[in-house]
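Per-entry structural report
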Amino acid sequence: MTLQLIGICVLWAFLFGYVIIASIDFGAGFYNAYSVLTNRSDILSSVIKRYLSPVWEVTNVFLVFFFVGIVGFFPQTAYYYGTILLVPVSISLILLSVRGAYYAFESYGVAGHKGYATAYGIAGLLIPASLSVVLTISEGGYVKMVGGVPQLSYRELFTSPLTWSIVVLSIVAVLYISAVFLTWYAHKAGDKNAANLMRKYALIWSAPLAIAAIGIIIEFKGHNPFRFERIIDVWWLFAISGVLFLITTYLLWMKRSYGMAIILLFTQFAFAFFAYGISHYPYLLYPYLTIHDSVTNHEMGIALIIVFILGAALLVPSLYLLFKLFVFDKDYVEGAHDEHV
Amino acid sequence: MNESAVFWSRILTEVTLSFHIIYATLGVGVPILIMIAHWVGIKNNDEHYILMARRWARGFVITVAVGVVTGTVMGLQLSLLWPNFMQVAGQLIALPLFLETFAFFFEAIFLGIYLYTWDRFENQKKHLLLLIPVAIGASMSAMFITILNAFMNAPQGFDMVDGQLINIQPLVAMFNPAMPTKVAHVLVTAYMTCAFILASIAAYKLMRGSNHIYHKKALYLLMKLGFIFTVATVIIGDFSGKYLAEYQPEKLAAAEWHFETSENAPLVLFGVLDDGEIKYAIEIPYILSVLAHSNPTAEVIGLDQFPVEEHPPYYIHYFFDVMVMIGMFMLFVSAIYLLAIWRKWSFIRSKWFRFIVILGGPLSVIAIETGWWLAEVGRQPWVLRGYMTTAEGATTSNHVELMLILFSILYFILAVGSIVTLHRMFKNNPIVKEIAKRSSKGDV
Ligand code: HDD
Ligand code: HEM
Ligand code: HEM
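Residues numbered from 1 in each chain as written. Chains lettered and ligands numbered in written order. Predicted model: local features only at pLDDT ≥ 70, side-chain atom pairs only at ≥ 80, totals over all residues. Heavy atoms only, no water.

Next up on the list: the packing of helix α1 (residues 3–44) of chain B against helix α2 (residues 47–81) of chain B. All names here are of chain B. Interhelical geometry of α1 versus α2 gives an angle of 155 degrees and a closest axis separation of 7 Å. Here α1 is positioned roughly antiparallel relative to α2, judged by the angle of their axes. Between α1 and α2 lies a crossing whose hand is left-handed. (Axes fitted to C-alpha atoms, helices over the stretch in contact; angles between N-to-C directions. Helix = DSSP H or I, 4+ residues; strand = E, 2+ residues; numbered from the N terminus. Parallel < 35°, antiparallel > 145°, perpendicular 65-115°, else oblique. Left-handed = near helix turned anticlockwise from the far one by under 90°.)

In C-alpha cells, the structure reads:
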C-alpha cells in the first residue's frame, strides 16, 4: 500500500467515526429539544443526558483529528480548501462552538432552559447541513481556478439540486442514526416509554432516508457523469448497505434484538460511506487535487504513520474504558448512581 | 496578494489566539492543581482538600468547553486564514500538530471518566489516578502546539533549494533551538497563572468576610504553589532572553529598544520613543547584557544589524516590560505572603493585602497575553522566520472582515456565557452549604 492510500484510509475511517458519533449527538439534541417543546421531556431527557454528558468532548476530537490529519498527510488541501472554504466552514465553526459551549453551560450550570434546548437542537441539524456542503464542493463543478487561485462560485453551489439533496440526506441520516441508537440505549436502560418513542422516530425517518440516498445517486448522473460511473462501479457495496438497512428496519419494526440492529446500522453506514469514498478515489477536490499529487513528503508520511500506530495503541484501550463505564455499564445506563462531579 | 485580506487575517488570528489562550492556559494548569489538592486531601485524610478538587473540577468543565471550541476554531482558522503558510508548514511540522490531537484525545477521554465517577470507587486513590492522564494530556498538548510555534521562530530540519523543500527531517524540525525555553516557559507560566487565579478567588471570599477555614487552606496551598511556579517562570524567562540573544537578536533588540550594537548594555524600562530617541525611560545599567549573556560587559546585538524592513514593531517593548514587571511583582507578593505566614505577621489578613492577592489572577492573565503578543508580534514581518513573510502566508479571500465580526460576536457570547455560568454555579452552591450537605450524608 502506498503512503497516500494508508493516509486516506485512516482519515476516512476517522471521518466515519465522527459522522456516527456526531450524528448520535446532534440527533439527540434535536429530540431533546422536541420533547422539551412538546412537554414530553420527562420521557427522553434523562436518557439522552446520561449518554451525552461523558462523551461530548470526545466527539469533537474526532473532527479535530480529521482536519489536522488531512493537512498533515495532504498539505495541499490546506491551500485549496483553506482558500475556498473560509465562509462555509466559519459558519459551521460558529454553530459548533455555540452548541458545544452551551451544552456545557446548560448541563453543568443552569439546567432545563427552554431557549437553550431549542437553540441547541436546531444548531444540531444546521451543523451537519453546513458541513455536508464541503462534500458537495469536493465533487467538482463549483470551483474555478482564477489566475492559479481556486475560487468558489456560491451561486452555482446554492442553486444546484445536488447541494440540497446532500443537505437533506445529512439531516435525515442524523435523525435516523440517533433514533436507532437511542432506541437501543433506552431499551438497555429499561426505560420502555423512551425506547418506544425513539423506535417510532427511527421508523418514521427510515423511508425518507432511503429516498434521499437513492435520489442523490440519480442527481449524480446529471451533475457529473464520470462520478456517476464510478459509483456504478461499486454498486454492490451500496447494495449490501441497502440490504443491511432493510434488516435493521425490520428488526425495529418487529421490536426484536435492538443490539443487533445497532450493529447492522453501523455496518450499513460503513458500507455506504466507504463505497462513496472509493468512488471518490483518487480525487480530494475534483478535478484539481488527487491524493497522489498532494501527498506529503516520504519522511513526514512515515513519521505520521508511526505516531498514528502508537497513538492508536494508547487510545483504543482508553476508548474501551470510556464505553465500558458509560455505555455498557448497566448501573450507569439505568441511572442507578449519581456520580457527577 | 490581497493587502486587506492580510491585515484582517492578522487581526482575526490575534483575536482568536488572545481569546483561546486564556481558556487554554486554564486547561493546562488547573488539572495539575486539582490533582495536587486531591492528593493532599487523600494523604492527610482532609475532606476540605477533596472538596477543593471537586469544586475546581466543576468549574473546570466550563472553561474546558470554551477552550475546546475556541481551539477547534483556531485549528481550522490556521488553514482558512493562512493557506499558503499551512501548505508549506504541513510538510515540515505536521508531526507535533498530529501528536497534539492524540494528547487531546487522551485528555478528553479521561476527563469524561474523571468527572462522572466521583464516589464510584471505594478507594479514592483509584479515582485520583484517572486525573493523571488528564493533566499529562493537557500539558502535552500545550507542549506540542508550542513546538509548532517554536518552529516558526527557529525553523530547521529542511533545506530550501529554488523554492523546493528537500531533506525534510521531522524530528530535527521539532527539536529546534527555540523549543526548550519556549515549552518550559509556556508550561510553567500556565501553572503559575492558574495558581494565582484560584488564589484570587479564595482571597476574594476571605475579603468579603467569609472566615471559613476552607478558603484559608486553599489560599495557603495556592500561594505556596504560586511562589514555586513564579520562581521557575522568572528563571526560565531569563533563559528565554538568552535564547533570543543568540537566535533572534532582532526580537530582543526591538523588545529592549536596543538600537546600537554595544557592550555593557543597559536594560531600558518603559519610556517613549521620540524620533528614535528614548525619553522618560528607567535605565538599569548592565542588566541587558546580563539577561542576554549572563555577563555585565557582554556585547548585545542591536537593531542596526538588520535592514529596517525586517525590524519588528517597536511597541513590543511595552509588552516585554509589562510581562517582566508582573513576574517580578508576583514573585515579591507570594514571597512576602509565605514569609508572613512563617513569621506570623498579621498584615496578610488585612483588606489591602488581600486585595493585592486578588489582583494576582488578572495580572497573571495579562502577563500571558503580553507574553504572547511579544513573541508573535516580535516575529514580524516573518511568519516562518527567514523563509516566509506573514503577508505571503495569508489568504486572498475578500470575506475576512465579515468573519472577524462574526467571530468577535461569538467570543463575546462565549465569554459572557462562561462567566455567568461559573458565577451561578458557585453562588447556588456555596462551600458552607456543600460541607453541611456532605456531613449530613456522613462523609466528613
Ligand atoms: C504569567 C505569565 C508570564 C510571566 C510572569 C513572564 N512570562 Fe515571559 N512569556 C510568557 C508568560 C510570562 C508566555 C505567555 O508564556 C510567553 C509568550 C510566548 C512564549 O514562549 O512564552 C512569554 C515569552 C517570553 C519571551 C519571548 C520568548 C520568545 O519570543 O521566544 C521572553 C524573552 C520572556 N518571556 C522572558 C520573561 C522574563 C525575563 C520574565 C521575568 C519575570 C517573564 N518572561 C515573565
Ligand atoms: C501555526 C501556528 C501559528 C500561526 C500561523 C500564527 C500566525 C500568527 C500571525 C500571522 C499573527 C499576526 C501577527 C501580527 O499581526 O503582528 C499571530 C499573532 C498571534 N499569535 Fe501566532 N501563529 C501561530 C501559532 C501561535 C501559537 C501556538 C500561539 C499561542 C497561543 C500564538 C499566539 C499568537 C498571539 C497571542 C498573537 C497576537 C499577537 C498580536 O497582537 O499581534 N500563535 N500569529
Ligand atoms: C496556533 C495555536 C493553537 C491551535 C491551533 C490550537 C488548537 C487547539 C484545538 C484544535 C483544541 C481543541 C481540541 C479538542 O477538541 O479537544 C485546543 C484546545 C486546547 N488548547 Fe489550543 N491551540 C493553540 C494554542 C494553544 C496554546 C498555546 C496552548 C497552551 C499553552 C493550548 C492549549 C490547549 C489546551 C490545554 C486545550 C484543551 C482544552 C482545554 O483544556 O481548555 N492551545 N487547541
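Continuing now.
All names here are of chain B. Lining the immediate surroundings of ligand 2 are 19 residues, of which R10, E14, N149, E376 and V377 lie closest. The separation between an oxygen atom of ligand 2 and a polar side-chain atom of E14 is 2.7 Å. The side chain of E376 places a nitrogen or oxygen atom 2.9 Å from a nitrogen atom of ligand 2. Of the residues belonging to the shell around ligand 2, the class tally is 11 nonpolar, four polar and four charged. Here the shell around ligand 2 gathers at least three residues from each of two domains, domain 1 (1–178 + 388–444) and domain 2 (192–247 + 249–378). (Near = heavy atom within 4 Å. Polar contact = N/O pair within 3.5 Å; in protein donor to acceptor, adjacent residues only side chain to side chain. Nonpolar A, V, L, I, M, F, W, Y, C, P; charged D, E, K, R; others polar. Domains from an automatic or database assignment.)

A surface patch of nonpolar side chains, about 670 Å² in accessible area, is lined by L402, I405, L406, I409, F412, I413, V416 and V420 of chain B. In this structure, V416 of chain B sits in helix α13 (residues 400–427). (Patch = residues over 30% accessible without salt bridge, like charges linked within 9 Å, V, L, I, M, F, W, Y side chains within 5 Å. Areas by Shrake-Rupley, 256 points an atom, 1.4 Å probe, with all protein chains shown as cover. Salt bridge = Lys/Arg side-chain N within 4 Å of Asp/Glu carboxyl O.)

All names here are of chain B. Counted according to the given criterion, the structure contains 42 aromatic pairs over all chains. Here the aromatic rings of F7 and W8 are separated by 5.1 Å at their centres, their planes lie at 75 degrees, and the arrangement is edge-to-face. On the basis of relative accessibility, which here comes to 45%, the residue F7 falls in the partly exposed class. For W8, a relative accessible area of 27% corresponds to the partly exposed category. With centroids separated by 5.3 Å and ring planes inclined at 70 degrees, the aromatic side chains of F106 and F110 adopt a geometry described as edge-to-face. Of the two residues, F106 and F110 are both situated in helix α3 (residues 83–115); the distance of four residues between them amounts to about one turn of the helix. (Phe/Tyr/Trp six-rings, centres within 6.5 Å; stacked < 30°, edge-to-face > 60°. Buried < 20%, exposed > 50% of the residue type's maximum accessible area, 1.4 Å probe, protein only.)

Along any regular strand the residues' side chains alternate between the sheet's two faces. Residues and elements named next belong to chain A. Of the strand pairs in this sheet, strand β1 (residues 143–146) and strand β2 (residues 149–152) are connected by four bridges, and their pairing is antiparallel. Looking at β2, one finds that V146 is bridged to V149. Hairpin connection from β1 to β2: two residues lie between these consecutive antiparallel strands, with G147 at a positive phi of about 60 degrees. (Pairing = 2+ DSSP bridges.)

The next subject is the coordination of the iron atom of ligand 3. In this structure, the iron atom of ligand 3 receives exactly one donor atom from the protein: H20 of chain B (NE2), at 2.1 Å. For H20 of chain B, the position within the fold is in helix α1. (Donors = N, O, S within 2.8 Å, 3.2 Å for Na, K, Ca; no water.)

Next up on the list: the site of ligand 3. Taken together, 26 residues are adjacent to ligand 3, and N60 of chain A together with H20, A24, G71 and F104 of chain B come closest. Flanking ligand 3 are residues from chains A and B. At 3.4 Å from an oxygen atom of ligand 3 is found a side-chain nitrogen or oxygen belonging to E107 of chain B. Of all the secondary-structure elements, those providing two or more residues to the shell around ligand 3 are α2 (41–73) of chain A together with α1, α2, α3 and α4 (124–153) of chain B. Tallying contributions element by element places α2 of chain B first for the shell around ligand 3, with eight residues. Class assignment of the residues belonging to the shell around ligand 3 gives a composition of 16 nonpolar, eight polar and two charged.

Nothing here speaks to function; it is geometry throughout.
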